[in-house]
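# Notes for the structure review
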Amino acid sequence: MTRSPRRLAALAVIAVSFTSLGACSGESFEATSSTSAPASGSLPRGVALRLLIASSGAAETAAVKAATSAWGSKTGNTVEVTAAANMDQELAQGFAGGNPADIIYMDAAKFATFAKQGSLEPYADDFPGNDAYFESLRRTFTYAGKQYCVPKDFSTLALIINTAMWKAAGLTDADIPRTWDELSAVATKLTSGGVVGLGIGVGIDRLGAFVVENGGWWVNADGSAGTAADPLVVGALKYVQDNVVAGSFAMSNDLGAGWGGEAFGKKQAAMTIEGNWITGALRNDYPGIDYRVVEMPAGPAGKGTLMFTQCWGLAADSAHKDLAKDLIAALTTPQQQLAFADAFGVMPSRTDAAAEYASRHPEDAAFVAGGQYGHGPITVPGLGEVVAELNSRLESMATVDLPGAMKAFDANAAAALGG
């Protein structure tokens with residue numbers, strides 16, 4: 001999974017105090033910063049490291065180049081930053097040829113495949129300051145009991161509300177939905193005159209949030225089998241399906257939109273479920289829409305959302321692992337994560353930096369809050385085609401045989417996993 005809004009179809013003030021996230025000011029913040037980078041005085045000089053990134057655009061590329069240049073000036077080394085034209089192809093070629101970049105943007109949905117084949121160095125368990133990252137993100141990059149890499153940043157899903165439509169429907173702050181029943185109720189009130197109450201992007205990258213809130217998931221804990229036929233998974237999807245049939249929810253493809261943000265931007269939906277990438281998309285493509293962001297309503301199992309993330313992968317074939325880890329440490333200080341957030345809109349993966357980010361951007365606080373209870377993507381190697389087939393079935397949300405589709409996913413997963 002990626003964070004791109006076109007594919008992900010590339011923080012509403014929260015009650016959380018963030019004391020559980022780590023202090024965000026004064027000595028504590030600075031202390032955390034100072035412990036995140038190992039001393040580099042004994043490291044070599046004159047080395048040229050290579051960094052391969054899947055950039056969201058010119059702003060991200062420029063920010064990464066500026067940060068690596070600053071590290072290079074300090075340590076006496078250089079960093080060649082390459083923005084991949086085709087990340088999957090360039091990764092495969094580099095690993096297969098035994099000459100990959102030293103450091104790589106590694107997507108959560110794909111890292112386990114490369115970890116399994118021995119292409120990645122499992123450096124994160126002993127990385128200084130590793131406990132400062134969101135635990136859910138650290139779990140996402142754990143394979144076979146080892147955390148392979150530290151998370152670069154993250155995004156979560158939240159509920160986006162058109163405030164003008166909300167007010168026109170006679171709704172107030174007291175009506176902000178906190179449960180599934182309340183979400184259904186406000187969606188019904190917002191459905192009027194060709195506008196659906198809630199527009200949802202197609203596939204498990206959106207519907208999975210409901211699955212998490214019902215206590216289910218697509219695969220078991222050790223990734224050895226599919227669990228989509230579990231009543232907790234089917235029940236979550238049935239909740240969505242029932243509302244789609246009732247006409248208060250609609251999938252983006254049924255609205256003629258490529259993703260939930262487009263349906264929301266075109267005012268086809270009064271609410272949508274999207275990540276923090278929607279902020280830039282609405283500003284650029286649909287200016288003038290007033291909206292607010294709130295946390296996803298809790299399901300029967302409690303709060304839940306999905307998290308999308310990448311990590312700073314370290315190639316097992318790198319000849320300069322210690323130097324590469326020093327660079328990664330420099331790129332993940334709280335200050336640098338906040339600088340990246342300002343430059344290209346990502347959210348910090350460190351709890352201390354995320355708390356500071358939320359205080360600077362209270363409008364985005366709901367997205368940050370999801371870092372405490374969000375679930376990462378499917379990371380089991382070899383399930384790409386199985387997930388694609390399920391997403392294809394879910395395009396017909398109103399009519400799909402959910403128990404049959406989930407049984408098919410489990411069967412396909414068993415075949416893909418060599419069952």
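Here goes a summary of the coordinates provided. (Residues numbered from 1 in each chain as written. Predicted model: local features only at pLDDT ≥ 70, side-chain atom pairs only at ≥ 80, totals over all residues. Heavy atoms only, no water.)

## Quick notes on the nonpolar core
Rules: Side-chain atoms within 4.5 Å link the members of a nonpolar core, which is a set of buried Ala, Val, Leu, Ile, Met, Phe, Trp, Tyr and Cys residues. Three labels apply to residues, based on accessible area from a 1.4 Å probe with only protein chains included: buried if under 20% of the type maximum, exposed if over 50%, partly exposed otherwise in between. For helices the rule is a DSSP run of H or I covering at least 4 residues; for strands it is a run of E covering at least 2, with both sets numbered from the N terminus onward.
Grouped together as the largest cluster of nonpolar side chains are 81 residues, with contacts concentrated most on Phe210, Trp218, Met271, Met397 and Met406. When residues in this core are grouped by element, the largest group, seven residues, is from helix H9 (residues 231-246). Ranked by size, the runner-up nonpolar core spans 48 residues in total, among them Ile103, Ala112, Ala315 and Leu327.

## Focus: the packing of aromatic side chains
As a reminder, the rule being used: Any pair of Phe, Tyr and Trp rings, taking the six-membered ring for Trp, is counted once the centres come within 6.5 Å. Such a pair is stacked with planes under 30 degrees apart, edge-to-face with planes over 60 apart, and tilted for the rest. Charges are assigned to positions over rings by a cutoff of 6 Å between ring centre and Lys NZ or Arg CZ, combined with an angular limit of 35 degrees from the ring normal.
Per the counting criterion, the structure on display carries 16 aromatic pairs. On the basis of an interplanar angle of 70 degrees and a centroid distance of 5.6 Å, the ring pair of Tyr123 and Phe127 is categorised as edge-to-face. Of the residues examined, Tyr123 reaches a relative accessible area of 5% and is grouped as buried. Measuring from ring centre to ring centre gives 5.8 Å for Tyr239 and Phe249, while their planes differ by 80 degrees; the resulting arrangement is edge-to-face. Linking Tyr239 in helix H9 with Phe249 in strand E8 (residues 249-251), this pair joins segments that are 10 residues apart in sequence. For the residue pair Tyr239 and Phe249, the accessibility class agrees, reading buried in each case. Three or more aromatic residues joined by ring pairs form one cluster here, namely Phe111, Phe141, Tyr143 and Tyr148. Lying over the aromatic face of Tyr105, Lys152 brings its terminal NZ or CZ to 4.3 Å of the ring centre. Sitting above the plane of the Tyr133 ring, Arg350 keeps its charged end 5.7 Å from the centroid.

## Some words on the side chain of Asn276
For the record, the criterion: Polar contacts here mean pairs of N or O atoms no more than 3.5 Å apart (in protein, one a potential hydrogen donor and the other a potential acceptor; neighbouring residues in sequence count only if both atoms are side-chain atoms). Should any heavy atoms of two residues lie within 4.5 Å, those residues are considered in contact.
With respect to the helices and strands, the residue Asn276 is situated in the loop between strand E9 (269-275) and helix H11 (278-285). There is a polar contact of 3.4 Å between the side chain of Asn276 and the backbone oxygen of Gly345. Apart from residues no more than four positions distant in its own chain, Asn276 is found in contact with Phe154, Ser155, Thr156, Gly345, Met347 and Phe367.

## Concerning the packing of H9 against helix H17 (residues 402-416)
Inclusion rule: Note on geometry: axes are C-alpha line fits, over the in-contact stretch for helices, and angles between N-to-C directions span 0 to 180 degrees. Our angle categories are set so that under 35 degrees counts as roughly parallel, over 145 as roughly antiparallel, 65 to 115 as roughly perpendicular, and the remainder as oblique. Each helix crossing is assigned a hand: it is left-handed if the near helix lies turned anticlockwise from the far helix by less than a right angle, otherwise right-handed if that turn is clockwise. Residues are grouped as follows: nonpolar covers Ala, Val, Leu, Ile, Met, Phe, Trp, Tyr, Cys and Pro; charged covers Asp, Glu, Lys and Arg; every other residue, Gly included, is treated as polar.
Look at H9 against H17: their axes get within 10 Å of each other, and the N-to-C directions meet at 140 degrees. With respect to H17, the element H9 is oriented oblique. You can see that H9 and H17 cross each other, and the crossing is right-handed. Each of Val233, Val234, Leu237, Lys238 and Gln241 in H9 lies in contact with H17, whose residues at this interface are Leu402, Pro403 and Met406. Partitioned by chemical class, the residues of the contact of H9 with H17 number six nonpolar, one polar and one charged.

## Let's talk about helix H14 (residues 351-360)
With eight of 10 residues buried, H14 is to be regarded as a mostly interior element. Among all positions in H14, only Thr351, Asp352, Ala353, Ala354, Ala355, Glu356, Tyr357 and Ala358 are buried.

## As for the state of the cysteines
Heads up, the rule is: By disulfide we mean two sulfur atoms from cysteines, separated by a distance within 2.5 Å.
Evaluated as defined, the whole model comprises one disulfide. Two residues, Cys149 and Cys311, share a disulfide whose sulfurs are 2.0 Å apart. With the S-S dihedral at roughly -80 degrees, the linkage between Cys149 and Cys311 falls on the left-handed side. Here Cys311 lies in strand E11 (residues 305-314) and Cys149 lies in the loop between strand E5 (146-147) and strand E6 (151-162), a separation of 162 residues in the sequence. By relative accessible area, which is 1% here, Cys149 ends up buried. A residue is classified by how much of its surface remains accessible, and Cys311, at 0% relative accessible area, is buried.

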